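Spelled out, the chains give:
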Amino acid sequence: MSWTRHLVRRALPFAALAVILAIQALAVAPSVVAFPLYLTVVLVVALQQNRGESLAVAVIAAMAVLFLPLATGHTSELLPAVLLAAVLLAVAVTMSELTRHMRDAASAEQRRLDGLVASERRLRAMVEAVDVGLGLAELDGTWIQVNEPLAALLGRTRHELLRTTVSGLTSDEDRSSVEGALGLLRTGDITHWSADVEQLRPDAQPVPVALFMARIPGAGADASLLVQATDLAARRRADAMRDGIAAVRQALITSGAVATAMPEVLDALRTYLGWARARYWARDAEMPADGLVGRVVQSGVLAADRSAVAFPVVDAGEVVGVIELTSDRPRAPLDDEVTLLATAGVEIGQFIRRSETAQALRRSEADHRAIYERSPIGIARISADGELLEANPALLHMLDHDEETMRSSAWPDILHAYDQAAARSRTASFLAGITDGSSVQVRAATGAGNWLWLQLTATSIPDPQGRLEHVLVLVEDVTAVRETSDRLAESLEAQREANANLEKLDSTKSEFLSIVSHEFRTALTGIQGFSELIRDGGLEADEVRAYGGYIFNDADRVNRLIGDMLDLDRMESGRMTMRTADVDINEVLSEAISRAVPSAVTVDFKSDLDPRLPIVAGDRDRLIQVVSNLVGNAVKYSPEGGTVTLSSRVEGRFALLSVTDTGIGIPQDEIGHVFERFRRVRSGAAQSIPGTGLGLTIVKQIVEMHGGKIWVESAVGHGSSFHFTIPLTPEGAGALQLRHG
Amino acid sequence: MADVNGSAPRPAVTVLVADDNEVAQRLCKRVLEKAGYAVLIAADGLQAVDIALAQRPAMILMDVAMPGIDGLEAMRRIKAEIPGMPIVIASAHSMASDRERFLAAGADNVLSKPFRLADLIAIVQSLTGAPTT
């Protein structure tokens, strides 16, 4: 149909031309008369149709104008008709060109308008879509337009908001500054202004807002204000949460232990996230089994009610505790807060494990350190080549060295001392022979110059590859132990010696008994045998006499033996009392000689007495016994015609007395034993000489009781000299000095 | 000096008395001669060995405690030369342990001093056979 209308519309001008031509022909009117009609058609087509069509119509119209003059032959009319046709063509061209221009301009304008509309639509959508409150206001603060986020931010519908002003919603504190800013913007003194202010919601709850206002120039006084309001609550909360988690982390990092970290952690959560109270429930403490905390423990995830939130502290998927935050007013955790708390729960859980591990490690380390530092035992850590790496205080104190001296000289000395001893005993050096737990003892000098016995016990510490990394050497001062054990050994030795002495004494005693009984029985053999002979009769008179003599002599010998033994026993047991008086030694010697002479007719006596010899203090009878015994021995062991010489002189503070004979002498192997009991010299010429065997033992006892000494010089075949000393009294010594002076 | 009974019809049985004690020597000599023995005297151990080996007495009466070598050593030396020689140890060491000691050393019998004269004669007779009187 539209195609049909299009055809009709395009055919219509040609029909019009045909009609005009027909009328002109009928009326035989000149072309000039019909020309306006032709022109009208051409103009209309040129205005409405495109260029080609209007030209086509113009050509047809021109031909129509020329047709009649040509057909009638009116040549006079031909020229004007050509002119008119040219006008028609020119008008058509001009008009169609003009129309095309006009059409182009109109379509450009249309496109511009379409673009503006689209732009306006996009802008509006954008303004609505941004998450920032945007609005347009008059310079006096009256809202012209607001977007939805702004309305939501301020807690109102867009319609409600349009009835307010920019400063009308500002809190009392901030309102004056906002109004001041509006004034300055209105006058154009400033072009924009921004500040953080509090706006009020309809329920009077303040909303922190970053307010930005900019003057938008319009035509003349048409300037308006662009107002941008950003919700600071969200940013502040984000900041608070960021700061909160930072504070929690800071507390965890700077604090070593849960006990110190937890209050800071709770404080950070409480203040930064805006809760009234925070509390930590350790899993093993008496935590509530119900309520929020109980729910968290059971579910393992965060739980919240109208004014509290509780979230788990998690370590390796296990709830080790719960943190509960409570508020005085209704307060539900926001989504990002929930995320934050869950994250914090995990971090705190990890921290708890780390800090418990670290604490255990630290405690263990501290324990070991304490052992090392405070141990009464010295501990040295040495390298595999023997260098001292570390010495504990006990070791330094023990050896009285500082660490430097210890390292540079004292410790090398100790090792050197050990290695020397090891070399002597052909054992391995300290480092070569080291085995765990083995101990060695070495001598070491302290800084103060004392010598200690140290017991070293080594423990090798391998590196992870099992090679010897260093050696721990425990050093104990065993000086006291060593000394004690030495003393013990000494006392044991002394005890052993005493025991040996006792045994010796015991055997000496039984030996003594054996000897004594032997002596008695020997004497009794003669007494018994000869008396039996006499008793049995049948003897000659001279036989009886002789046997009676034997009997008498042996009986006498037994008697002397008994006397000597009793004397000796009294002296040795300290029961012998000395009757001490002034004694003239020379007189004692003379007395002894005069007693001996009658029975010793075969020897000569000589005396060489010092007349200056002072009086001594002594027991005269005992001293006579001493000299008589020595003289008796001298006589007994002297051959016929021998000489016995007695001499006296002063020797220092002593009187020195000597009995010298020219007798048989004492063999070298016997001379050390002559003062022992029953040690009679029986060899050679001495064998037939009678004696109890106790005489010299008694003599020695008496001399020693006087504070003197006795000794003998002898040579076999040349005789013997017995010397003994008796101390002078102080008066005697003094008198001697006077006499000498 | 030993040959007192030189005029006896048969050669007398000879006993060596070794003792360093003169009284003991005389006693034994007197008693044994009276009992019909010929008696030799030695005053110490070495003499005893010399006389025993040289004279070959029928038996020996040996003291222990003598100068030089003692009676036990003398006995050992004599028995080494003449294993069958009867030797009686006559000692004033007369504890029970002594008797054992002497027998263990090889003595044929032990006579403790002091002794009964009859015991002396009996012990000599037991080792020599009774001399004809």
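In this report, we go over the structure that sits alongside the text. Here the structure is a predicted model, which is why all the values come from computation and not from measurement.

Parameters and conventions
- For every chain, the first residue of its written sequence is number 1, and the numbers climb from 1 along that sequence.
- Note on labels: chains are lettered from A, ligands numbered from 1, in written order.
- Totals for whole chains, interfaces and linings use all residues, but because this is a predicted model, local features are given only for residues with pLDDT of at least 70 and pairs of side-chain atoms are given and counted only at 80 or more.
- To qualify as a helix, a DSSP run of H or I must reach at least 4 residues; to qualify as a strand, a run of E must reach at least 2; elements of each kind are numbered from the N terminus.
- Residues with at least 20 other C-beta atoms within 10 Å of their own are called buried, those with 12 or fewer are called exposed, and the rest are partly exposed. The C-beta atoms themselves are positioned from the backbone.
- Only strands joined by at least two bridges in the DSSP assignment are considered to pair.
- By the criterion used throughout, residues are in contact when their C-beta atoms, derived from the backbone, lie within 7 Å.
- Only Asp, Glu, Lys and Arg are considered charged in this grouping, and only Ala, Val, Leu, Ile, Met, Phe, Trp, Tyr, Cys and Pro are considered nonpolar; every other residue, Gly among them, is considered polar.
- Joining buried Ala, Val, Leu, Ile, Met, Phe, Trp, Tyr and Cys residues through C-beta atoms within 7 Å gives a set, and that set is a nonpolar core.
- Here, axes are lines fitted to C-alpha atoms. For helices the fit covers the stretch in contact, and angles between N-to-C directions go from 0 to 180 degrees.
- The span you would expect from a helix comes to 1.5 Å times its residue count less one.

1. As for the overall build of chain B
Here comes step 1: Broken down by element type, chain B carries five helices and five strands.
Here comes step 2: Going residue by residue from the N terminus, the α and β elements of chain B occur as β-α-β-α-β-α-β-α-β-α.
Here comes step 3: For chain B, buried positions account for 46% of its 133 residues.

2. Comments concerning the pairing of strand β9 (residues 318-326) of chain A
Remember that side chains alternate between the two faces of the sheet whenever the strand is regular.
Residue and element names in this part refer to chain A.
Here comes step 1: As defined by bridge partners, strand β6 (residues 277-282) adjoins β9 across six bridges and the pair is classed as antiparallel. Bridging from a neighbouring strand, Ala278 pairs with Leu325 of β9.
Here comes step 2: Bridging between strand β8 (residues 308-315) and β9 involves eight bridges; their strand directions are antiparallel. Opposite Val309, over in β9, you have Leu325 as the bridge partner.
Here comes step 3: Taking the residues between adjacent antiparallel strands as the criterion, β8 and β9 are bridged by two residues, where Ala316 takes a positive phi near 55 degrees.

3. A short note on the environment of A:Ala394
Residue and element names in this part refer to chain A.
Here comes step 1: Tracing the chain through its elements places Ala394 in helix α12 (residues 393-399).
Here comes step 2: Spatially, the C-alpha atom of Ala394 lies 6.1 Å from that of Ile377, the residues being 17 residues apart in sequence.
Here comes step 3: Excluding residues that lie within four positions of it along the chain, Ala394 makes contacts with Ser375, Pro376, Ile377 and Gly378.

4. Structural notes on the interface of chain B and chain A
Here comes step 1: Between chain B and chain A, the contact holds 19 residues from the first and 18 residues from the second.
Here comes step 2: Broken down by element, the residue count for the side of chain B that touches chain A peaks at five residues, all from helix α1 (residues 22-34) of chain B.
Here comes step 3: The residue makeup of the side of chain B that touches chain A, split by class, is 10 nonpolar, four polar and five charged.

5. Focus: the nonpolar core
Here comes step 1: Counting 48 residues, the largest nonpolar core has B:Val15, B:Leu16, B:Ala48, B:Leu61, B:Met62 and B:Val88 as its most contacted members.
Here comes step 2: It is α1(B) that provides the largest number of residues to this core, a total of six residues.

6. Examining the sheet that holds β6(A)
All names here are of chain A.
Here comes step 1: The strand order β6-β9-β8-β7 describes an open sheet built from four strands, whose pairing is antiparallel. Either end of the sheet is taken by a strand with one partner, and the two such strands are β6 and β7 (303-305). Going from strand to strand, the sheet's axes swing by 15 degrees on average, the running direction of each strand aside.
Here comes step 2: Helix α11 (residues 335-374) rests against β8 and β9 of the sheet, and its axis sits at about 40 degrees to β8.

7. Side note on the sheet that holds strand β3 (residues 192-200) of chain A
All names here are of chain A.
Here comes step 1: If you walk across this open sheet you meet the five strands as β2-β1-β5-β4-β3, and the pairing is antiparallel. The sheet terminates laterally at β2 (143-146) and β3, the two strands that pair on one side only. Strand-to-strand, the axes of this sheet are offset by a mean angle of 25 degrees, without reference to chain direction.
Here comes step 2: Bridge analysis of strand β1 (residues 133-138) against β2 gives three bridges, and the strand direction is antiparallel. The residue of β2 that forms the bridge with Leu136 is Gln145.
Here comes step 3: Packing against the sheet, helix α7 (residues 172-187) makes contact with β3, β4 (206-216) and β5 (224-231), and its axis sits at approximately 150 degrees to β3.
Here comes step 4: Taken strand by strand, helix α8 (residues 232-254) contacts β3, β4 and β5, and its axis lies near 125 degrees from that of β4.

8. Comments concerning the environment of A:Val716
Residue and element names in this part refer to chain A.
Here comes step 1: Checked against the element boundaries, Val716 lands in the loop between β20 (710-715) and β21 (719-727).
Here comes step 2: Classification of Val716 as partly exposed rests on a count of 17 C-beta atoms within 10 Å.
Here comes step 3: The sequence separation of Val716 and Gln668 amounts to 48 residues, and the corresponding C-alpha distance is 7.9 Å.
Here comes step 4: Residues contacting Val716, with those up to four places away along its chain left out, are Ile664, Gly665 and Pro667.

9. Some thoughts on helix α2 (residues 31-48) of chain A
Residue and element names in this part refer to chain A.
Here comes step 1: Taking 1.5 Å as the rise per residue, α2 with 18 residues should run 26 Å; its terminal C-alpha atoms sit 25 Å apart, in good agreement.
Here comes step 2: When we look at burial in α2, the residues that qualify are Ser31, Ala34, Phe35, Tyr38, Val41, Val42, Val45 and Ala46.
Here comes step 3: Looking at the buried positions of α2, the neighbouring elements they touch are α1 (2-27), α3 (51-72) and α4 (75-129).

10. A look at helix α17 (residues 620-636) of chain A
Here comes step 1: The terminal C-alpha atoms of α17(A) lie 24 Å apart, and with 17 residues this matches the ideal 24 Å at 1.5 Å per residue to within 8%.
Here comes step 2: Buried residues of α17(A): A:Arg622, A:Leu623, A:Val626, A:Val627, A:Asn629, A:Leu630, A:Val631, A:Asn633, A:Ala634 and A:Val635, and no others.

11. Some words on the pairing of strand β12 (residues 439-445) of chain A
Residues and elements named next belong to chain A.
Here comes step 1: By the bridge criterion, seven bridges tie β12 to strand β13 (residues 451-462) in an arrangement that is antiparallel. Of the residues in β13, the one forming a bridge with Val442 is Leu454.
Here comes step 2: Following β12, the chain reverses through five residues before pairing antiparallel with β13; Gly449 in that reversal takes a positive phi of roughly 95 degrees.

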